[in-house]
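# Observations on the three-dimensional arrangement
Each chain, letter by letter, is given below.
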Amino acid sequence: MGAADTSITAMGVVASLLQVAAIVIGGPLLLGLMAKVRARVEGRVGAPIHQPLLDLRKQMRKERIHAEHSSAVLIVVPFVFVSTAAVAGAIAPLVTTRPALATSADILVIVYLLLAGSVALALAGLDAGTAFGGMGSSRAMTIGALAEPALLLAVVAMSIQSGTSNVPAIVADTLNHPGWSASPQRLLSLGALIIVVVAETGRIPVDNPSTHLELTMIHEAMTLEYAGPELGLVSLGESMRLGLLLALTVNLFIPWGVAEQTGGLAIPLGLAVLIAKVAMLGVLISLFEVRSAKLRLFQVPELLAGAFVLAMLAIVAGLVTT
Amino acid sequence: MRSRSVVRSLFAKPVTESPPRPPSASTEKRFPGSLQLRHVDAGSCNGCELEITSAFAPTYDAAQFGVRLVASPRHADGLLVTGVVTRNMSGPLRKTLEAVPNPRVVVACGDCAINGGIYSQGYGVESTLADVVQPDVVIPGCPPHPSAIVESLRGITER
């Protein structure tokens, strides 16, 4: 029970750096894998899995070009967007339950780090003063404001069992109590969490990442004015967040394989298991996406209200059973 | 039933035809492995658009060579221009071109974009694409065959 020791060990720092590297490289590869699955189901050969990395490399070499009336916000935001995702990835229990600064990895810290990135991107959408950018920012904030309470409640439901809101501690406690993963509050909050993750990362049925129709865009509308290296950073940030959120979700519910120690083979093993688990979840989400259509924008709040109700029920179930 | 067919199609052989020959360079400008294009219809009859759609559909699948059509010229490495340059579209075409970050490539798709084609004497026609910007790659045909489009794009991505 409770948080791990507060000391920062050298191995903890190594593990944290490894986690950041894993989401920086693994995030784009995960996107590529999901695109590949979609292509294969559609009967296409599809782009190679490392295509997003090739796109990133090319964007980084291109000219920096900014909209005429844009301000410093447009330039600063990509760095904020990537660094918040990187910090969240460094402290979250992805490869190990004992990364550096694990004691500060409270669920509020992780949720609001990601939210800070979302708000930064919404500001960037407004910055150039184009109609579509502002529309995208307004939609993203609407969805973000509805997703956030559901996300917080879902995690609070899980923290009832272990008595702490420290995410590495929750994952470590779940490892020690295998039955918890099948408890009603966990399953209910899993449902809520998956809906929120889909909404936050802009996937079908909330948003369609491959749309060309500006009127239907949510996340992409905010990035329409980005070009070159800055666009590369924003796309990198988006794939990092996808990788991070999927890894966190899968570790909260199926924690087996996460390294509890930071010595020896535990870390490489934890990394291998994490990659396998996230790839499986990515393929499942991609198969679901192929079969479903994007929701009408006005139905998205109902979906998120459903997530909120699931999370609420999870808390009730948690209070009744413990 | 439907969920099983999705999983089955995941492991089924793709319907994409394998390209007849390896890519041959079609321009000096290189975007190895990754090319995003913004499509601009400068005054097309939509014949070329149909063939472009086919080029990205399962049978020809240009995406497997790293080519993608994007929604914003700022996300693009170049323009894929179809049709003659009409009076109403010459301004937007120039602005779109300016919004593309360097290095950029301009692809003229179809006879109309190359020399005006059957519309060259039309009353709403201002010029051909070459009068606005010299295209780096031309794809002749009225409309060009999807495999010709894919082959030209492969010449830029070298895949």
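Just above, that's the structure.
As the structure is a prediction and not an experimental result, all values here were calculated from the model.

Calculation criteria
Residues numbered from 1 in each chain as written. Chains lettered and ligands numbered in written order. Predicted model: local features only at pLDDT ≥ 70, side-chain atom pairs only at ≥ 80, totals over all residues. Helix = DSSP H or I, 4+ residues; strand = E, 2+ residues; numbered from the N terminus. Rg over C-alpha atoms; globule rule 2.2 N^0.38 Å. Buried ≥ 20, exposed ≤ 12 C-beta atoms within 10 Å, placed from the backbone. Contact = placed C-beta atoms within 7 Å. Nonpolar A, V, L, I, M, F, W, Y, C, P; charged D, E, K, R; others polar.

### Looking at the overall build of chain A
The helix and strand tally for chain A stands at 11 helices and zero strands. Counting from the amino terminus, chain A carries its helices and strands in the arrangement α-α-α-α-α-α-α-α-α-α-α. The C-alpha radius of gyration of chain A comes to 19 Å, within 12% of the 20 Å expected for a compact globule of 322 residues. Each principal axis of the C-alpha distribution contributes one length, and for chain A these read about 55 × 45 × 40 Å. Every one of the 322 residues in chain A was classed for burial, and the buried ones make up 53%. When contacts within chain A are restricted to residue pairs at least 6 apart in sequence, those whose partners lie at least 24 apart make up 82%.

### Section: the interface of chain A and chain B
Taken together, the contacts link 29 residues of chain A with 22 residues of chain B. For the side of chain A that touches chain B, the elements supplying multiple residues, two or more each, are helix H1 (10-41), helix H2 (51-60), helix H9 (228-253) and helix H10 (266-291) of chain A. When the residues that make up the side of chain A that touches chain B are grouped by side-chain class, the tally is 13 nonpolar, five polar and 11 charged.

### Topic: the environment of Arg 291 of chain A
Residue and element names in this part refer to chain A. Tracing the backbone through its elements, the reader meets Arg 291 in helix H10. Under the C-beta neighbour-count criterion, Arg 291 is labelled exposed, with 12 such atoms within 10 Å. Residues Arg 291 and Val 41 lie 250 residues apart in sequence; the distance between their C-alpha atoms is 9.8 Å.

### Observations regarding the environment of Gly 46 of chain A
Inspection of the secondary structure puts Gly 46 of chain A in the loop between H1 and H2. Distance in space between the C-alpha atoms of Gly 46 of chain A and Glu 230 of chain A is 26 Å, their sequence separation being 184 residues. Setting aside residues up to four positions removed in sequence, Gly 46 of chain A forms contacts with Ala 35, Lys 36, Ala 39 and Arg 40 of chain A together with Ala 63 and Gln 64 of chain B.

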